[in-house]
Protein chains: 2
Amino acid sequence: MERMTRQKRAVLHALAHSGRSLHPAEIQSLAQEEVPTLNLSTVYRQLKALVGEQRIHKVELPGQPARFEAADVRSPSARADTHNDTHHHHFHCVLCEQVFPIQGCPGHMERFAPKGFQVESHDLTLHGRCANCAPRSQPAAR
Amino acid sequence: MERMTRQKRAVLHALAHSGRSLHPAEIQSLAQEEVPTLNLSTVYRQLKALVGEQRIHKVELPGQPARFEAADVRSPSARADTHNDTHHHHFHCVLCEQVFPIQGCPGHMERFAPKGFQVESHDLTLHGRCANCAPRSQPAAR
DNA sequence: GTATATGCAAACCCTTTGCACATCT
DNA sequence: AGATGTGCAAAGGGTTTGCATATAC
């Protein structure tokens, strides 16, 4: 999957312009504005290839189907001059079901591992309401 | 699902005796020692019922099929006199694929949420090697 | 006896795969 | 042409559901 086909470009564009994690089906819909015949299998194949190329990341949240995000996503609150964190976690809005990248990490996970267990990585997911879905707060202009 | 059938008891026993989270299929195998004809659909139906009754909890880890655990599981390192924590996280062994409850929690998750986002809950999963699978450490007697 | 749970098969969702056709070089 | 990617349809896991039969109360 090293050729830059119209379908591959369309998948990449969909992810690059969204700023958040998308399901394969969402990616298909968005990318079909560029390539209307784009098949879901092709989306899956390109996603796997792009993950291999490190151009995108697979985001797996508890109990949810896999999502994908551009390799350079930033939190909505990240400043432009912030260095490009590859390690980050996610916020899952329980109302609109969107998933946003977040900055920061509690760190030092070894402290929570039972004796003799070796920690290699970790995942943290926050669940709640995003700025648009939070009650009585001004919905962010969008 | 309020009747105490042989199948319900078998599902409950399987979870109560394991000390860790199990997949529906694992639960079925274990419970079939008690009720050999136990069907997977019945396992799913009973699991749903038991979750409703708060007798067990559903454990969802990123990218993995759902597991279930008895409502009173403890970390392998937990002392018997420790109070019964309902809030806990999980350690997922990347080698044997077993999932263990762990104690402790970084807390204060709001600090990681972007402005305007409201945190309602969170999940933390550690990935690595359990005591039995850790390299060059004495495998724990089991 | 009657309501409810079980087993079995079919169906569902998400994801992967086989294969013939299309596309890129 | 030759290699690689695409679309389509079928298949594969995990989970749910409809329905006739078996079981608990």
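Predicted, not measured: the structure shown is a model, and the values here were computed from it.

Help me out: how do you make sense of the environment of His23 of chain A in this one?
Residues and elements named next belong to chain A. With respect to the helices and strands, His23 occurs in the loop between helix 1 (6-18) and helix 2 (24-31). Using a relative accessible area of 23% as the deciding quantity, one classes His23 as partly exposed. A sequence separation of 26 residues divides His23 from Ala49, and the C-alpha atoms of the two residues are 16 Å apart. Among residues more than four places away in sequence, those in contact with His23 are Pro65, Ala66 and Arg67.

Sorry, what's going on with the sheet that holds strand 4 (residues 99-102) of chain B here?
The strands that make up a sheet are held in pairs by hydrogen bonds between backbone atoms, and each pair lies either parallel or antiparallel. Pairing is mixed in the open sheet, where 6 strands are placed in the order 4(A)-3(A)-5(A)-5(B)-3(B)-4(B). Strands with a single pairing partner mark the edges of an open sheet, and in this sheet they are strand 4 (99-102) of chain A together with strand 4 of chain B. Averaged over all pairs of adjacent strands, the angle between their axes in this sheet comes to 25°, without regard to strand direction. As judged from the 4 bridges shared by strand 3 (residues 89-93) of chain B and strand 5 (residues 118-129) of chain B, these two strands associate in the parallel manner. Paired with Cys93 of chain B across the two strands is Gly128 of chain B, which belongs to strand 5 of chain B.

Looking at this structure, I do not really get the interface of chain A and chain B. What am I missing?
When the parts of a complex come together, some accessible area is lost, and that lost area is often taken as the interface size. In this assembly, 39 residues from chain A lie in contact with 39 residues from chain B. With its nearest N and O atoms 2.9 Å apart, the salt bridge here joins Arg129 of chain A to Glu120 of chain B. Mapped onto the side of chain A that touches chain B, the elements with two or more residues apiece are strand 4 and strand 5 (118-129) of chain A. Here the side of chain A that touches chain B gets 12 residues from one element, more than from any other, and that element is strand 5 of chain A. Residues of the side of chain A that touches chain B, tallied by class, amount to 21 nonpolar, 12 polar and 6 charged.

Is there a simple way to think about the environment of Ser21 of chain B in this case?
All names here are of chain B. When you line up the elements, Ser21 lands in the loop between helix 1 (6-18) and helix 2 (24-31). You can call Ser21 buried: its relative accessible area is 0%. Remark: the alpha-carbon pair of Ser21 and Glu34, spanning 13 residues in sequence, is separated by 19 Å. Setting aside residues no more than four positions away along its own chain, Ser21 makes contact with Glu26, Val59, Arg67, Phe68, Glu69, His90 and Val99.

Calculation rules
- In every chain, residue numbers begin from 1 and rise along the written sequence.
- Written order decides the labels, with chains lettered from A and ligands numbered from 1.
- Per-residue local features are limited, in this predicted model, to residues with pLDDT of at least 70; the limit for side-chain atom pairs, both in listing and counting, is 80 or more; totals at the level of whole chains, interfaces and linings are taken over all residues.
- Each side-chain value is worked out from all heavy atoms of the structure, with water and hydrogens disregarded.
- Here a strand is any run of E in DSSP of at least two residues, a helix any run of H or I of at least four, and the numbering for each starts at the N terminus.
- Remark: exposure states derive from per-residue accessible area (1.4 Å probe, protein chains only) relative to the maximum for the residue type, with buried under 20%, exposed over 50%, and partly exposed in between.
- Throughout, a residue-residue contact means that at least one pair of heavy atoms, one from each residue, lies within 4.5 Å.
- For two strands to count as paired, DSSP must find a minimum of two bridges between them.
- The axes are straight lines fitted to the C-alpha atoms, using for helices just the contacting stretch, and the angles between their N-to-C directions are given from 0 to 180°.
- By salt bridge we mean one thing: a side-chain nitrogen of Lys or Arg within 4 Å of a carboxyl oxygen of Asp or Glu.
- Gly is put with the polar residues, along with every residue not named as nonpolar or charged; the nonpolar set is Ala, Val, Leu, Ile, Met, Phe, Trp, Tyr, Cys and Pro, and the charged set is Asp, Glu, Lys and Arg.

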